[in-house]
Amino acid sequence: MSRPHTRVCASWLLYFFLGAIVQSAPLSNDPAEITDFYALFNNPDAHLTLTDGPETTYFIEEHGYPAERHYVQTEDDYIISLFRIPYSHNLRNQDEKRPIAFIQHGLFGSSDGWPVLGPNDGLPFLLSDAGYDVWMGNARGTRYSRNHTTLSTKHPNFWRFSWHEIGYYDIAASIDYTLSTENGKGQEGIHYVGHSQGTTVMFVLMSSRPEYNKKIKTAHMLAPVAFMDHMDDFMVNTLSPYLGFNNAYSTLFCSQEFLPHNDFVLALMYSVCLPGSIVSSFCSSSDETSGELGRTNTTASSLTFGLSPAGVSTDQILHYMQEHQSGHFRQFDFGTKKNLKMYGTETPHDYPTELITTEMHLWYSDNDEMSAVEDVLRVAATLPNKVMHHMEDPLWDHMDFQYNWEVRQLINNPIIAIMNEYEAK
C-alpha cells in the first residue's frame, strides 16, 4: 500500500490532520465549505522545489534504455499516464514481437518506484532484457495522472474515486491500450505484476469485469491486499474505528487529495524521513528491515524521498478503512441511502473473486503487517486458479517485495521464469 520510509510517517500525519479536521472543519456536504487542503498546503514560500523532480523516463534513460510516456483516457474521462520500455537496447529486439508485461504501483507511490533499483535489480529492466515490452502504470491522482477531460484537481469531484475506480477503469484502459499498440496487436493478453494496492485493483477488475480474465496471461500479486481483518498497521488500527463507517468523520475526510503533491508536503516528508532526523522513527516501517541491517536498498528508496507521496484520494484510504471494519472485500460504502441508489442494496456488494480464472500467483510473507497471512489465505481460498509463493525469510515485510537487496533473486527472477515458461508453451 505504500513506499518505504513514508507509510508510517503518512500514518502519523493522517492522525494529526484528522484531529485538526474534527476540531475545526464545518460539518457540511457543501464542497465550498470543505477545507481546501490543496490551498492549505501549497505553500508559495517553500524554498525547496521537489515537484519538478526527475520523472520515470529519467530513471529509465539514465541506464541507456529507451523510454516512452503514453496518455490514456479512461471510460470515465480521466487521463492517466503509462511509461514504457519498448525494447531492450542490449537485445536490440525492437523489430521482434515482444510479450507484454505491465507493472502497477501501490498506495502513495507511482511508476517511479520500479526503475530506481537500477538495471541490475529493477524489475522493468530485467523484464526488458528478458525480451518483454514493459509498461508501468500510474493510478489517477498520482503525479503523472492528474488530468481529466472536464474536471480540475481543485474540484472535489476529481478526487471522488477509490481503488475501485482505479481497478475498474484505469487498469482496464491500460490493458486495452497496451494491446492496441503495434506490438500488442494480435497478442492474447499481458503479464501483470502489482504490489499492495496494485494487487487490490487487479482483484477488483478481474472479479467485476471477468471478461478481462482472458486478457491476462499470468498475474503476480506482491503482498496481496483484499481482506484486511488481520492487518496490523498503525494507521489502520488507529483510524478505522472513526473512518471505517459512513459518518461525520468520513464525510469531512472524503473526496480530497491526501498529502497534496506539492513543494511543502514533499519537503516536509523529505526532511522528516532523512536519516538522523529526530522524528525519523515515524518513517520506518520496521526496525528489523532498516537500512542499518543491510536488508533494504537505501539508495533506491532515497531516490524516491522527493517524489512521494505521489498523489492519492482520501477515498482510497477510506475504502481500506471500511474493509478493515467490515471484514468484507467489497465496494465502497456510501451509506444506506446512497447504497440503495448505487447498488440496490443497503450494503455494498462483495467482489466475486471466485470469478477470477486468471493464473494468480500470490507472493506473501509472515512479517507483512499490511498483508497478513490469514487474509492472503482467505482470498486465496476463493480463487480457482492460484499458485502460492510463501517467503521463507521470517523478516520479509511489505516493502521488501520492492526494495529488499535480494529482490532480484527471490522475487524478480522467479516471476520472469514463470512468464517465460508461459510464453514457451
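All values derive from a computational prediction rather than experimental measurement. (Residues numbered from 1 in each chain as written. Predicted model: local features only at pLDDT ≥ 70, side-chain atom pairs only at ≥ 80, totals over all residues. Heavy atoms only, no water.)

So, on to the overall build of the protein. When helices and strands are counted, the protein shows 15 helices and eleven strands. Across the 425 residues that make up the protein, the buried fraction comes to 59%. A sequence separation of at least 24 residues applies to 79% of the contacts in the protein between residues at least 6 apart. Total accessible area computed for the protein in this model is approximately 16500 Å², and 51% of it derives from carbon and sulfur atoms. (Helix = DSSP H or I, 4+ residues; strand = E, 2+ residues; numbered from the N terminus. Buried < 20%, exposed > 50% of the residue type's maximum accessible area, 1.4 Å probe, protein only. Contact = heavy atoms within 4.5 Å. Areas by Shrake-Rupley, 256 points an atom, 1.4 Å probe, with all protein chains shown as cover.)

Another point: the pairing of strand β3 (residues 100–104). The buried fraction of β3 is high, at five of five residues. Burial along β3 is two-sided: I100, F102 and Q104 facing one way and A101 and I103 facing the other are all buried. Where β3 lies against strand β4 (residues 133–136), four bridges are found, and the strand directions are parallel. Within β4, the residue paired with F102 across the bridge is W135. Considered for its hand, the β-α-β crossover made up of β3, helix α4 (residues 123–129) and β4 is right-handed. For β3 and strand β6 (residues 190–195), the ladder comprises four bridges, and the chain directions are parallel. Residue pairing for β6: I103 is matched across the bridge by V193. (Pairing = 2+ DSSP bridges. Right-handed = clockwise from strand over helix to strand, strands pointing away.)

Moving on: the confidence of the model for the protein. Of all residues in the protein, 74% have pLDDT values of 70 or greater, and the mean over the chain is 84. For the stretch residues 2–28, pLDDT sits under 50, and the model shows 74 contacts to residues farther than four places along the chain or on other chains. Low pLDDT, under 50, characterises residues 278–282; the stretch is placed with six contacts to residues that sit more than four places away or in other chains. (pLDDT = per-residue confidence, 0-100.)

Let us look at the packing of helix α5 (residues 163–180) against helix α6 (residues 197–208). Running from N to C, α5 and α6 cross one another at 80°; their axes reach a closest spacing of 8 Å. In terms of axis orientation, α5 runs roughly perpendicular to α6. Contacts between α5 and α6 involve W163, H164, I166, G167, Y168, I171, A172 and I175 from the first element and Q197, T200, V201, M202, V204, L205 and S208 from the second. Residue classes in the contact of α5 with α6 are distributed as ten nonpolar, five polar and no charged. (Axes fitted to C-alpha atoms, helices over the stretch in contact; angles between N-to-C directions. Parallel < 35°, antiparallel > 145°, perpendicular 65-115°, else oblique. Nonpolar A, V, L, I, M, F, W, Y, C, P; charged D, E, K, R; others polar.)

Orientation of α5 relative to helix α11 (residues 314–326), taken along the N-to-C sense of each, is 110°, at an axis distance of 8 Å. The orientation of α5 with respect to α11, classified from their angle, is roughly perpendicular. For the pair α5 and α11, contact is made by W163, H164 and I166 and by Q316, H319, Y320 and E323, respectively.

As a further point, take the pattern of salt bridges. For the structure on display, the rule yields 14 salt bridges. One salt bridge in this structure joins E75 and R209, with 2.9 Å as the shortest N-O distance. Residue E75 is located in the loop between β1 (68–73) and β2 (78–85), and its partner R209 is located in the loop between α6 and β7 (216–222); the two are separated by 134 residues in the primary sequence. When its relative accessible area of 53% is taken as the criterion, E75 is described as exposed. Look at R209 and you get buried, because its relative accessible area is 10%. D393 serves as the salt-bridge partner of R295, at 3.0 Å between the closest nitrogen and oxygen. On the criterion of sequence distance, the pair formed by R295 in the loop between α9 (263–272) and α10 (298–303) and D393 in the loop between β11 (386–390) and α14 (400–403) is long-range, its members being 98 residues apart. We classify R295 as buried; its relative accessible area is 13%. Put simply, E68, R84 and D133 are held in one network by salt bridges that share partners. (Salt bridge = Lys/Arg side-chain N within 4 Å of Asp/Glu carboxyl O.)

With that settled, the discussion passes to the side chain of T181. Here T181 shows up in the loop between α5 and β6. Given a relative accessible area of 11%, T181 falls into the buried group. Setting aside its immediate chain neighbours within four residues, T181 contacts R84 and W135.

To describe a pair of aromatic rings, one takes the distance between the centres and the angle between the planes. Scanning all chains against the criterion turns up 19 aromatic pairs. Residues F102 and Y192 carry aromatic rings whose centres are separated by 6.0 Å and whose planes lie at 15° to one another, so their mutual orientation is stacked. Of this pair, F102 sits in strand β3 while Y192 sits in strand β6, and the two are 90 residues apart along the sequence. Accessibility assignment for this pair places F102 and Y192 in one class, buried. Taken together, the ring pairs connect W163, F203, F227, Y320, F329 and Y351 into an aromatic cluster. Over the face of the ring belonging to Y168 we find R209, whose NZ or CZ atom lies 4.5 Å from the ring centre. The aromatic ring of F227 is capped on one face by R378, whose charged end is 3.8 Å from the ring centroid. (Phe/Tyr/Trp six-rings, centres within 6.5 Å; stacked < 30°, edge-to-face > 60°. Lys NZ or Arg CZ within 6 Å of the ring centre and 35° of its normal.)

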